[in-house]
Amino acid sequence: MYKSRERENIPRVYERSRKEKEKMKSKYNEYTLRRCTVQDVDQIYELQTIIINGLDNKEILRQNAKDMFEHCVQEPNLTIGVYNKEELIAVSIFVVEHGVEDLSLDLVCHEVSVSANYKLIMVKKEYRGNGFQKALMWVMEKYAYNNGFTHLCTTVSEKNTYSLHNIEEIGYEYDHD
């Protein structure tokens, strides 16, 4: 079962101190972040397969089809990959519109209906615990804010305690409706 979480007042994320920013910059200077394209879909799908196969509890992450990833790399959606040299080690997906699935949430912002879904973050097992999930969430929140979104939602399996903790730690709240 997936639970919706909503983040209001996105600009709050960018009030981090200069010291924090420099620390993050030096921590991640050996990695490259870049926008993924259709040419990266096979690599994203392979990353997903590796991650799912390495999970003790397979219910934490559901298998997505390649056509879903193809949809997610197209604008106005955003898919960001983290690379260690040429190896894709993490990916984050933000969907601006309704996709193939019914997990996107209709939001009303200033009387205009918009859809936003912070869809997915996957980090290769050997790179977990280094803050990639939070860093990617900040990138996605900045993208959302720069594109006029004031509310951002995500879904996560209630069995994925690590992701639940990170999402709540940066200020998302459970929507009981």
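This structure is a prediction, so every number in the text was calculated from the model and none was measured.

Draft legend 1. Examining unusual backbone geometry more closely. A cis amide bond links Glu-75 with the next residue in sequence, Pro-76, at an omega value of 15°. Positionally, Pro-76 belongs in the loop between α3 (66–72) and β3 (78–84). Unlike most non-glycine residues, Lys-85 shows phi in positive territory, near 60°. As for its position among the elements, Lys-85 is in the loop between β3 and β4 (87–95). Residue classification places Lys-85 among the exposed residues on the basis of a relative accessible area of 71%.

Draft legend 2. Focus on helix α5 (residues 161–169). Those residues of α5 that fall on the buried side of the exposure criterion are Ser-163, Leu-164, Asn-166 and Ile-167. For α5, the angular spread of the buried residues around the axis is 165°, confining them to a single face. With its phi angle positive at about 115°, Gly-171 sits one or two positions after the end of α5.

Draft legend 3. View of the environment of Phe-69. In this fold, Phe-69 is placed in helix α3. Look at Phe-69 and you get buried, because its relative accessible area is 1%. In the structure, Phe-69 is positioned 27 residues away from Asp-42 in sequence and 8.9 Å away in space, judged by C-alpha atoms. Apart from residues no more than four positions distant in its own chain, Phe-69 is found in contact with Val-41, Ile-44, Tyr-45, Gln-48, Asn-64, Ile-93, Leu-120 and Met-122.

Draft legend 4. Quick look at the packing of helix α4 (residues 132–146) against α5. Remark: α4 packs on α5, axes separated minimally by 10 Å, with the N-to-C direction vectors making an angle of 45°. Between α4 and α5, the angle is such that the two are oblique. The handedness of the crossing between α4 and α5 comes out as right-handed. Within the contact between the two elements, α4 uses Gln-133, Lys-134 and Met-137 and α5 uses Tyr-162, Ser-163, Asn-166, Ile-167 and Glu-169.

Draft legend 5. Molecular detail of the layout of surface pockets. There is about 640 Å³ of room inside the largest pocket. Residue contributions to the lining of the largest pocket peak at seven residues, all from strand β6 (residues 112–123). Its residues assigned to classes, the lining of the largest pocket shows 17 nonpolar, 12 polar and four charged.

Draft legend 6. Broad picture of the pattern of salt bridges. Overall, the coordinates contain five salt bridges when judged by the stated rule. Asp-40 is the partner of Arg-34 in a salt bridge, and the nearest nitrogen-oxygen pair spans 2.9 Å. A residue is classified by how much of its surface remains accessible, and Asp-40, at 5% relative accessible area, is buried. For the salt bridge of Lys-66 with Asp-42, the shortest nitrogen-to-oxygen distance reads 2.9 Å. Taken as a pair, Lys-66 in helix α3 and Asp-42 in helix α2 (residues 41–54) lie far apart in primary sequence, 24 residues in all. With relative accessibility at 35%, the residue Lys-66 sits in the partly exposed group.

Draft legend 7. Region of interest: the nonpolar core. In terms of nonpolar packing, the biggest core is built from 26 residues, with Phe-94 and Tyr-118 touching the most fellow members. Those elements giving two or more residues to this core turn out to be β3, β4, β6, α4, β7 (151–157) and α5. Looking at which element gives the most residues to this core, the answer is α4, with seven residues. Judged by nonpolar contacts, the second largest core, of 19 residues, contains Cys-36, Ile-51, Val-73 and Leu-120.

Draft legend 8. Structural view of the packing of aromatic side chains. Tallied over the entire structure, the rule returns three aromatic pairs. Summarising the aromatic geometry, the rings of Tyr-31 and Tyr-127 are spaced 6.2 Å apart at their centres and angled 85° between planes, so their arrangement reads as edge-to-face. Here Tyr-31 is found in the loop between α1 (18–27) and β2 (32–35), whereas its partner Tyr-127 is found in the loop between β6 and α4, with 96 residues between them in sequence. Judged by its relative accessible area of 12%, Tyr-127 is buried. Aromatic pair Phe-94 and Tyr-143: ring centres 5.7 Å apart, planes at 80°, arrangement edge-to-face. Taken as a pair, Phe-94 in strand β4 and Tyr-143 in helix α4 lie far apart in primary sequence, 49 residues in all. The class of Phe-94 is buried, set by a relative accessible area of 0%. Judged by its relative accessible area of 17%, Tyr-143 is buried.

How each quantity is defined
- All residue numbers refer to positions counted from 1 along the written sequence of the respective chain.
- In keeping with the predicted nature of the model, local features appear solely for residues at pLDDT of at least 70, side-chain atom pairs appear and are counted solely at 80 or more, and the whole-chain, interface and lining totals rest on all residues.
- Note: side-chain values were computed over all heavy atoms of the structure, leaving out hydrogens and water.
- Here a strand is any run of E in DSSP of at least two residues, a helix any run of H or I of at least four, and the numbering for each starts at the N terminus.
- Exposure classes here rest on a 1.4 Å probe applied to the protein chains alone. A residue is buried below 20% of its type maximum, exposed above 50%, and partly exposed in between.
- The directions considered for the arc run from the helix axis to the C-beta atoms.
- Contact definition: two residues touch when any of their heavy atoms are within 4.5 Å.
- Structural elements are reduced to axes, namely lines fitted to C-alpha atoms, with helices fitted over the stretch in contact, and the angle between N-to-C directions of any two is expressed from 0 to 180 degrees.
- Oblique is the label for every angle not falling under 35 degrees (roughly parallel), over 145 degrees (roughly antiparallel), or within 65 to 115 degrees (roughly perpendicular).
- The sense of a crossing depends on the near helix, which, turned anticlockwise from the far helix by less than a right angle, makes the crossing left-handed and, turned clockwise, makes it right-handed.
- The way it works is a 1 Å grid over only the protein atoms, where trapped points that fit a 1.4 Å probe form a cavity and open points with protein on both sides within 12 Å along at least five of seven lines form a pocket, and then any residue with an atom within 4 Å of a point lines it.
- Grid points are joined across faces, edges and corners, and a volume is the space filled by probe spheres set on the points.
- Residue classes follow a fixed rule: Ala, Val, Leu, Ile, Met, Phe, Trp, Tyr, Cys and Pro count as nonpolar, while Asp, Glu, Lys and Arg count as charged, and any other residue, Gly among them, counts as polar.
- Salt bridge, as applied in this entry: a Lys or Arg side-chain nitrogen positioned within 4 Å of an Asp or Glu carboxyl oxygen.
- To define a nonpolar core, start from buried Ala, Val, Leu, Ile, Met, Phe, Trp, Tyr and Cys residues and group those joined through side-chain atoms within 4.5 Å.
- Stacked, edge-to-face and tilted are the three classes for Phe, Tyr and Trp ring pairs, Trp counted by its six-membered ring, which pair at centre distances within 6.5 Å; planes under 30 degrees apart are stacked, over 60 edge-to-face, the rest tilted.

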